[in-house]
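# Working through the structure, step by step
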Amino acid sequence: MDQPSSRGIMPVVGSIVFLVAAPGLLGVFIPWYTTGWHMSAPLLGFEPVRWLGGALILIGATVLLDSFARFAWQGRGTPAPIYPTATLVVSGAYRYVRNPMYLAVIALIAGQGLLLGCLPLLIYALAFGVVTHLFVLIYEEPTLRSTYGAQYEAYAAAVRRWLPRLTPWRS
């Protein structure tokens, strides 16, 4: 990934702070606080569901960390609206889907629900997804359209909001 140039170390620091404050709180702390990460019987009495949960956690964490790094290093900003990127980030997981960070947090929450055998966490993942979808429609996409104009329009036309492409988009 490219090194930050004009904005120094602040995008990295800001991204780390926001990573802990938002996805850390919503995707890790709340599930831990509500469950104590106590294992219950596997959902549907089917032990392989736990393996699916573990896989979702690993994939979600990997995509989330990579996406945050791309915002800091390539976008020279953070996902936080108070310190946005200087450039539109369309690399990594963003070549497949427009909202990989949100999908990663949903995967983290749902993965914990499956791993722990906790139906309330799956309901929380669904509720988080609905609220996030509304946020994307009402605030995020209009802001990106006004900030990046035709560049974002071309990206949005080629890359779906929630359902990943099978092949990477090339701008």
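Just above sits the structure.
Residues numbered from 1 in each chain as written. Predicted model: local features only at pLDDT ≥ 70, side-chain atom pairs only at ≥ 80, totals over all residues. Heavy atoms only, no water.

### Some details on the environment of L19
What counts is decided by this rule: Under the DSSP-based scheme used, a helix requires at least four consecutive residues in state H or I and a strand at least two consecutive residues in state E, with every element numbered from the N terminus. The buried label goes to any residue with under 20% of its type's maximum accessible area, the exposed label to any with over 50%, and the partly exposed label to all in between, with areas taken from a 1.4 Å probe on protein chains only. Contacts between residues were defined by any pair of non-hydrogen atoms, one from each residue, lying within 4.5 Å.
Position of L19 among the secondary structure elements: in helix α1 (residues 10-35). Since its relative accessible area comes to 21%, L19 is described here as partly exposed. For the pair L19 and A80, spaced 61 residues apart in sequence, the C-alpha separation works out to 9.2 Å. For L19, the residues in contact, after removing those within four places along its chain, are G24, L64, L65 and F68.

### Observations concerning the packing of helix α4 (residues 119-148) against helix α5 (residues 150-158)
What counts is decided by this rule: Fitted lines through C-alpha atoms give the axes, limited to the stretch in contact for helices. The angle between two N-to-C directions lies from 0 to 180 degrees. These descriptions rest on fixed angle ranges, namely under 35 degrees for roughly parallel, over 145 for roughly antiparallel, 65 to 115 for roughly perpendicular, and the rest for oblique. We call Asp, Glu, Lys and Arg charged. Ala, Val, Leu, Ile, Met, Phe, Trp, Tyr, Cys and Pro are nonpolar, and the rest, Gly among them, are polar.
Look at α4 against α5: their axes get within 6 Å of each other, and the N-to-C directions meet at 130°. Between α4 and α5, the crossing angle belongs to the class labelled oblique. Note on element contacts: α5 touches α4 through A150, Q151, Y152, E153 and A156, opposite E141, L144, R145 and Y148. Here the contact of α4 with α5 is composed, by residue class, of five nonpolar, one polar and three charged.

### Brief notes about a nonpolar patch on the surface
Inclusion rule: Like-charged residues are merged into a patch within 9 Å and nonpolar side chains (Val, Leu, Ile, Met, Phe, Trp, Tyr) within 5 Å, provided each residue has over 30% relative accessible area and no salt bridge. Computed by Shrake-Rupley with a 1.4 Å probe, the accessible areas treat only the displayed protein chains as cover when residues are assessed. We define a salt bridge as a contact between a side-chain nitrogen of Lys or Arg and a carboxyl oxygen of Asp or Glu at a distance within 4 Å.
Residues L126, V130, L134, F135, L137, I138 and Y139 make up a contiguous nonpolar surface patch of roughly 670 Å² in combined accessible area. Structurally, the position occupied by I138 is in helix α4.

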